Amino acid sequence: MYMEEALNKTQLGNWFEGITDFRGIGKEAKLVRNIVPIESWLNEEFYSGPSSYQIYPYWKQAIIKVFNSPERVNEVILGGSIGTGKGEPISTLVPTPEGPVRLGDLKVGDFVFNEEGKPTKVTGVYDRGRLTTYKVTFTDNSYLIVDGSHLWTLHRFNNGNLYEETFNTECMYNAMNTDGLFVKDKKTTKYSNYRLPIAKPIQYNKKDLKVHPYVLGALIADGTLGDKSRICWTKSKTDIVDEMRKHIVLRHNENDKNSLRYYIAKCDNEGLHDALDYYGILGKKSKDKYIHKDFLYSSIEDRKELLYGLMDGDGSVRHADRGVANAFYNTTSKELADNIVQLVTSLGGIVKRRDYKNYYSLTICTDFNPFKRSIWKKIMDESLKNRKKSNVI
């Protein structure tokens with residue numbers, strides 16, 4: 001199929017910028033070059049205009065398909081649903097029910113997660129070619145790299161009322177540089193009124209775990225795991241000890257009733273030592289501890305129990321303004337810090353991480369209490385009543 005180059009100059013506008021060989025005047029003005037294949041018209045700059053006007057590859061495919069159709073077509077409208085073809089780098093890791101997958105490796109029929117945390121099927125994959133990208137950074141120091149047409153539905157608070165507004169990245173970037181929107185005021189230290197709603201917890205399928213998640217979290221936090229021959233666990237709070245005893249047998253030195261150390265004997269807990277060895281944490285010192293992927297990709301309930309064990313063990317609370325308290329977790333293990341960030345965000349939470357010379361400090365914000373039996377639980381219960389949970393651009 002061929003397209004005749006008899007185009008009205010007034011319709012062209014500056015799309016055909018640089019082509020000046022017109023003959024005639026006004027509405028009768030026509031190009032004098034010969035007819036060309038539709039593929040050439042779309043792909044060669046001589047016909048399709050400068051690079052700033054070139055059509056995206058997936059639109060070209062649709063146009064060529066229409067023009068090569070055996071049926072005569074007089075008018076065509078090409079449209080797409082909201083969200084179709086919004087660009088991100090192909091190297092972006094996307095959560096899926098099977099674990100993270102490169103965006104460039106996703107195909108139609110695969111499953112990803114929507115904002116409700118539920119699996120949803122991929123219905124289209126669009127090659128956007130090479131595009132200008134923007135790095136969008138949030139107040140927890142996380143960021144996304146997206147193209148200028150990526151849509152953001154934001155919440156804005158004004159006089160106690162909540163409004164919902166949608167912008168694309170390019171609009172936000174321009175407003176940031178001209179109007180000062182979407183950025184923190186460096187003089188007053190006040191944040192923008194625009195906030196990005198947080199996605200709901202990701203609904204991974206439950207895995208067959210060999211160790212109760214609470215026990216694993218507590219042992220990572222307070223367990224002495226460097227010696228494979230025996231496991232020790234130290235804790236002074238009886239309510240946390242009672243929680244552990246729901247799942248494993250703890251031995252205590254009866255000759256030293258003031259001792260805070262408990263022993264986890266292999267003969268009392270069948271399969272526990274082998275399971276910890278299987279998950280790779282037996283024999284690990286504090287700086288080498290980490291969370292096995294099976295726990296990070298198990299059900300919401302399992303991931304919460306894991307977080308409870310970690311926070312009851314090594315978590316703490318610091319008070320902030322207006323009755324809001326923040327939960328903290330410190331670790332000397334970089335890998336464990338990375339794992340906890342992933343764990344909390346997969347549960348719909350926010351983590352702000354600070355890296356120091358010898359340790360990593362994590363500020364944790366969730367819409368549920370991350371403590372289960374700790375002395376900090378009551379404080380966090382009160383704090384949750386005063387917290388507005390959202391992330392700020």
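Here the structure is shown first, and the text comes after it.
Here is what the cut-offs are and how they apply
Residues numbered from 1 in each chain as written. Predicted model: local features only at pLDDT ≥ 70, side-chain atom pairs only at ≥ 80, totals over all residues. Heavy atoms only, no water. Helix = DSSP H or I, 4+ residues; strand = E, 2+ residues; numbered from the N terminus. Expected span 1.5 Å × (residues − 1). Buried < 20%, exposed > 50% of the residue type's maximum accessible area, 1.4 Å probe, protein only. Core = buried A, V, L, I, M, F, W, Y, C linked by side-chain atoms within 4.5 Å. Contact = heavy atoms within 4.5 Å. Pairing = 2+ DSSP bridges. Axes fitted to C-alpha atoms, helices over the stretch in contact; angles between N-to-C directions. Parallel < 35°, antiparallel > 145°, perpendicular 65-115°, else oblique. Left-handed = near helix turned anticlockwise from the far one by under 90°. Nonpolar A, V, L, I, M, F, W, Y, C, P; charged D, E, K, R; others polar. Polar contact = N/O pair within 3.5 Å; in protein donor to acceptor, adjacent residues only side chain to side chain.

**Student:** What is the right way to read helix α10 (residues 300-314) from this model?
**Tutor:** In an α-helix, one full turn covers 3.6 residues, which means residues spaced three or four apart are oriented alike. Between its first and last C-alpha, α10 extends 21 Å over 15 residues, near the 21 Å set by a 1.5 Å rise per residue. Of all 15 residues in α10, twelve are buried; the element is thus mostly enclosed. Turning to α10, its buried residues are I300, D302, R303, E305, L306, L307, Y308, G309, L310, M311, D312 and G313.

**Student:** Got a minute to help me understand the nonpolar core in this structure?
**Tutor:** Nonpolar side chains in soluble globular proteins tend to end up buried together. Core analysis: the biggest nonpolar cluster contains 56 residues, and V211, W233, M244, L276, I291, I340 and I364 have the highest contact counts within it. Ranked by residues supplied to this core, first place goes to helix α6 (residues 213-222) with seven residues. Once residues lying within four places of it in the same chain are set aside, the contact partners of M244 are Y214, V215, A218, L219, W233 and L250. In terms of nonpolar packing, the next biggest core, distinct from the first, is built from nine residues, V146, W152, Y194 and L196 among them.

**Student:** Explain the sheet that holds strand β16 (residues 251-252) here, please?
**Tutor:** Within a beta sheet, neighbouring strands are joined by backbone hydrogen bonds and run either parallel or antiparallel to one another. Overall, antiparallel pairing links the four strands, which are arranged β14-β15-β17-β16 in an open sheet. For this open sheet the edge positions go to β14 (223-224) and β16, each flanked by a neighbour on one side alone. Bridging between β14 and strand β15 (residues 231-234) involves two bridges; their strand directions are antiparallel. Across the sheet, residue G223 finds its bridge partner in β15, namely W233. Taken strand by strand, α6 contacts β14, β15 and β17 (261-264), and its axis lies near 85° from that of β15.

**Student:** I'm lost on the packing of α10 against helix α11 (residues 334-346) in this one. Help?
**Tutor:** Packed helices, taken two at a time, are described by the angle between their axes plus the distance between the axes. Relative to each other, α10 and α11 sit at 130°, their axes nearing to 10 Å. On the basis of their axis angle, the class for α10 and α11 is oblique. Regarding α10 and α11, the two cross each other, and that crossing is left-handed. Of α11, the residues touching α10 (which contributes R303, L306, L307 and L310) are I340, L343, V344 and S346. Partitioned by chemical class, the residues of the contact of α10 with α11 number six nonpolar, one polar and one charged.

**Student:** Would you mind showing me how to read the environment of E243 here?
**Tutor:** Here E243 is to be found in helix α7 (residues 238-245). Separated by 3.1 Å, the side chains of E243 and K246 make a polar contact.

**Student:** Hey, could you run me through the packing of α6 against α10 in this one?
**Tutor:** Packing of α6 against α10 leaves a shortest axis separation of 7 Å and a crossing angle of 30°. Looking at the two axes, α6 sits roughly parallel to α10. Crossing geometry of α6 relative to α10 is assigned as right-handed. On α10, the residues touching P213, Y214, L216, G217, A218, I220, A221 and D222 of α6 are D302, E305, L306, Y308, G309, L310, D312, G313 and D314. Here the contact of α6 with α10 is built from residues that sort into nine nonpolar, three polar and five charged.

These figures capture arrangement, not role.
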